[in-house]
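Coordinate inspection notes
Here is how the chains run, residue by residue.
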Amino acid sequence: TTDDTTALQTAINASAGRRLQLGVGTYKVSSNLQLISGTHLEGEGASLTKIIATTSANVLQASDGLNDVSVNGIYFYGAQLGTGDANGGAFYLTCSTASASNISISNCKFENFKGGSVIRVAGNGTLTAAPTHSVSNVWIKNNQFLNNYDQSPTAIGTASEAISVQYGVSDFVIADNAIDANYNKQGIKIFTGTNRGSVYGNAIKNCGMGNAGSVGA
């Protein structure tokens, strides 16, 4: 029943530029963990280090101007309480006032999230306007997504996804991820306005509005 939010945030703030090793165990968070440049979260493996969300807040919230961040070897378990596109996820980065670069998420497991995206990375562009702030050099590799939920979509265009790479993201790699969309009806969504991306080796199943559980829970 311990809330570990404050302790984890204090450790993140104190460890910029160094690896922050999260030992074997379960950590509960009740609000965003705010990532700062130079954050390197390292678990003991997705079967050993677990972070559980107890509210609709995104677990990892990244701010404008974020650089040199990595997340590796952690099991993230959501609260299935998301109410909109900007909450209910595991990792959320949208650049509104400053660009970001060098973001890596690897060897993690994501389960039971309900939001617009489990992982969302975005600049500040739109379909018709080029971004003034962007995100470059993004690696999302060798992760597992299982039993994540939509917000009762009525069409595939409004359905949620495991990975969302949006306007203004460049030089990205999405590779070797295992995505069982099931209740989260889109596997990987890549927006117009992204550049120089590689997507390969991903195993995606149970996507689409026609499958069981297509309207979420």
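Residues numbered from 1 in each chain as written. Predicted model: local features only at pLDDT ≥ 70, side-chain atom pairs only at ≥ 80, totals over all residues. Heavy atoms only, no water.

What follows is about the pairing of strand S12 (residues 117-122). Among the six residues that make up S12, six are buried, leaving the element largely enclosed by the rest of the structure. Direction of pairing for strand S9 (residues 91-94) relative to S12: parallel, over a ladder of four bridges. Following the sheet pairing, Phe 91 is matched in S12 by Ile 119. Pairing analysis gives four bridges linking S12 to strand S15 (residues 161-165), with the strands arranged parallel. Its bridge partner being in S15, Ile 119 is matched across the sheet by Ile 163. (Buried < 20%, exposed > 50% of the residue type's maximum accessible area, 1.4 Å probe, protein only. Helix = DSSP H or I, 4+ residues; strand = E, 2+ residues; numbered from the N terminus. Pairing = 2+ DSSP bridges.)

Next up on the list: helix H1 (residues 5-14). Within the span of H1, buried status applies to Thr 5, Leu 8, Gln 9 and Ile 12. All buried residues of H1 fall inside an arc of 100° around its axis, so they share one side. In H1, those exposed residues whose orientation departs by more than 90 degrees from the buried face are Thr 6 and Ala 7. Elements in contact with the buried residues of H1: strand S1 (19-21), strand S2 (25-29), strand S3 (33-35) and strand S4 (40-42). (Arc of directions from axis to C-beta. Contact = heavy atoms within 4.5 Å.)

In this model, the chain carries an average pLDDT of 89, and 92% of its residues clear a pLDDT of 70 or more. Counted against residues more than four places away or in other chains, residues 211-217, with its pLDDT under 50, gives 21 contacts. (pLDDT = per-residue confidence, 0-100.)

Before going further, it helps to examine the sheet that holds S1. Strand order in the open sheet formed by seven strands is S1-S4-S7-S10-S13-S16-S19, with parallel pairing between adjacent strands. Single-partner strands in this sheet number two, and they are S1 and strand S19 (195-200). Strand-to-strand twist of the sheet, defined as the mean angle between neighbouring strand axes without regard to direction, takes the value 10°. As defined by bridge partners, strand S10 (residues 100-106) adjoins strand S13 (residues 135-141) across six bridges and the pair is classed as parallel. Within S13, the position partnered with Ser 106 by the bridge is Lys 141. (Axes fitted to C-alpha atoms, helices over the stretch in contact; angles between N-to-C directions.)

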